Amino acid sequence: MEEKFISVTVLNSYIGDIFVAEEMLHGISVCGEVSGLSTRGGHAYFTLKDENAQIQCCCFRYAKTYLPRDGETVLAKGSVGYYAKGGRLSFNIDAIRPIGEGLAALRLAQLRQRLAEEGYFDESRKKPIPAYCGRVCVLTSASGAVIRDIVTTVRRKNEVIDIVLRDVPVQGAACADAIVKELSLVDKLGYDAIIIARGGGSAEDLMPFNEEKIVKAVYAANTPVISAVGHETDYTLCDLAADVRAATPTAAAQLIAYDVKELLGELDKKTIRMYGLLGERTDRYRLRFENTTNKLLSAIRLNYYNLTKKLELSSHKMAISVQNRIKDGENAVSGVLTRLSDVNPANILAKGYFTATKDGGRIPGISALSAGDRITLTGGDGSADAEIKEVRKA
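Residues numbered from 1 in each chain as written. Predicted model: local features only at pLDDT ≥ 70, side-chain atom pairs only at ≥ 80, totals over all residues. Heavy atoms only, no water.

**Here's the deal with the pattern of salt bridges**
Argument step 1. What the rule picks out here adds up to 17 salt bridges.
Argument step 2. For K269, the salt bridge identified is with E266, shortest N-O distance 3.9 Å. On the criterion of helical spacing, the pair formed by K269 and E266 is a turn pair, its members being three residues apart in helix α9 (residues 260–343).
Argument step 3. One salt bridge in this structure joins R392 and E390, with 3.4 Å as the shortest N-O distance. As far as the burial class goes, R392 and E390 line up, both exposed.
Argument step 4. Each of the salt bridges in this network shares a partner with another, and the network as a whole consists of R114, E118, E212 and K216. (Salt bridge = Lys/Arg side-chain N within 4 Å of Asp/Glu carboxyl O. Helix = DSSP H or I, 4+ residues; strand = E, 2+ residues; numbered from the N terminus. Buried < 20%, exposed > 50% of the residue type's maximum accessible area, 1.4 Å probe, protein only.)

Dropping the structure here:
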């Protein structure tokens, strides 16, 4: 008896027709975790799985919808198809939506609005980054490429900045608490700036940097904080709270990495300019000093000339006054001498007058004489003794 059979083509076509005819397998939404995602020719291929099962998926022209990441839970809408030629079953996806994205985004937006209203993102309280940092602390993972990128970028221009690494997890449940703790510690150590950095990642990886505790710790820091989290398109609440947001860790390094050679060149130029200005100012002050000195010397000479003239005039007047005084004195003395000469007894006697004495004493008047008294008469040319014969009183 001849055994009946069908070809593989007929079998696969029949199976395909079953899937086409089954309405329940069209336009359905399936929830699962994405695994093994790859893209080729504008199409995405991955496995959608849960705890107990998995199914191969194909999303043609994935640019029209959301492209998930490995490990992400999504809601995929499409139809079950059977590729008859290859004998493969797949879930052909038309649209993908991440599970919980709307709720998470809403909660993040609400938190952002509340923190903004409380002033944690105010531009007025942001501190400037010093133009020339000497010591910088970087909070990031010691095992990642971020710290190497920062150090390499800085060292291209600058060998003097002291870069200190504080190793912290940059994703996961322990990330936020670790960063808050380290930030509180290093803020007291006198750094010129603190960089909080990590490379790019998924939205879930960056979620710790959207936590309220990190925002408040960054806000409370006295040291200027630079936030360099993720790629250029990634924005976190840590970025908004920081004093400066750098698009990438490399950009943060460029922000602090002033060029030492260029700085020294500028200092040389300023030094030369300063010496030039100093020389000009010195010349100006020297000229002003010379002018002032000349004016002062002219004033001194003029005053000396005027004082000399006044002194000469005063001396001349004094000499005339002294001469007049001497002449007046001489005249006075001459008058006195004349008067003394007039009353000089010797001169009087020389004119024929005599003085009379009795018993060696002066005779005050006729009343002191009596007849028979012997007296002595003294004249200009000698003396003579006489006797009073008669006294005639007036």
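Once you've had a look at it, read on.
**Notes on the packing of aromatic side chains**
Argument step 1. Counted under the stated rule, the structure contains two aromatic pairs.
Argument step 2. With 5.1 Å between their ring centres and 90° between their planes, Y132 and Y258 make a pair best called edge-to-face. Highlighted residues: Y132 in the loop between α2 (101–117) and β6 (135–140) and Y258 in the loop between α8 (249–256) and α9, separated in sequence by 126 residues.
Argument step 3. Judged by relative accessible area, which is 17%, Y258 ranks as buried.
Argument step 4. Positioned over the ring face of Y191 is R135, at 4.3 Å from the centre of the ring.
Argument step 5. If you follow R245 out to its NZ or CZ, it ends over the ring of Y235, 3.8 Å from the centre. (Phe/Tyr/Trp six-rings, centres within 6.5 Å; stacked < 30°, edge-to-face > 60°. Lys NZ or Arg CZ within 6 Å of the ring centre and 35° of its normal.)

These figures capture arrangement, not role.
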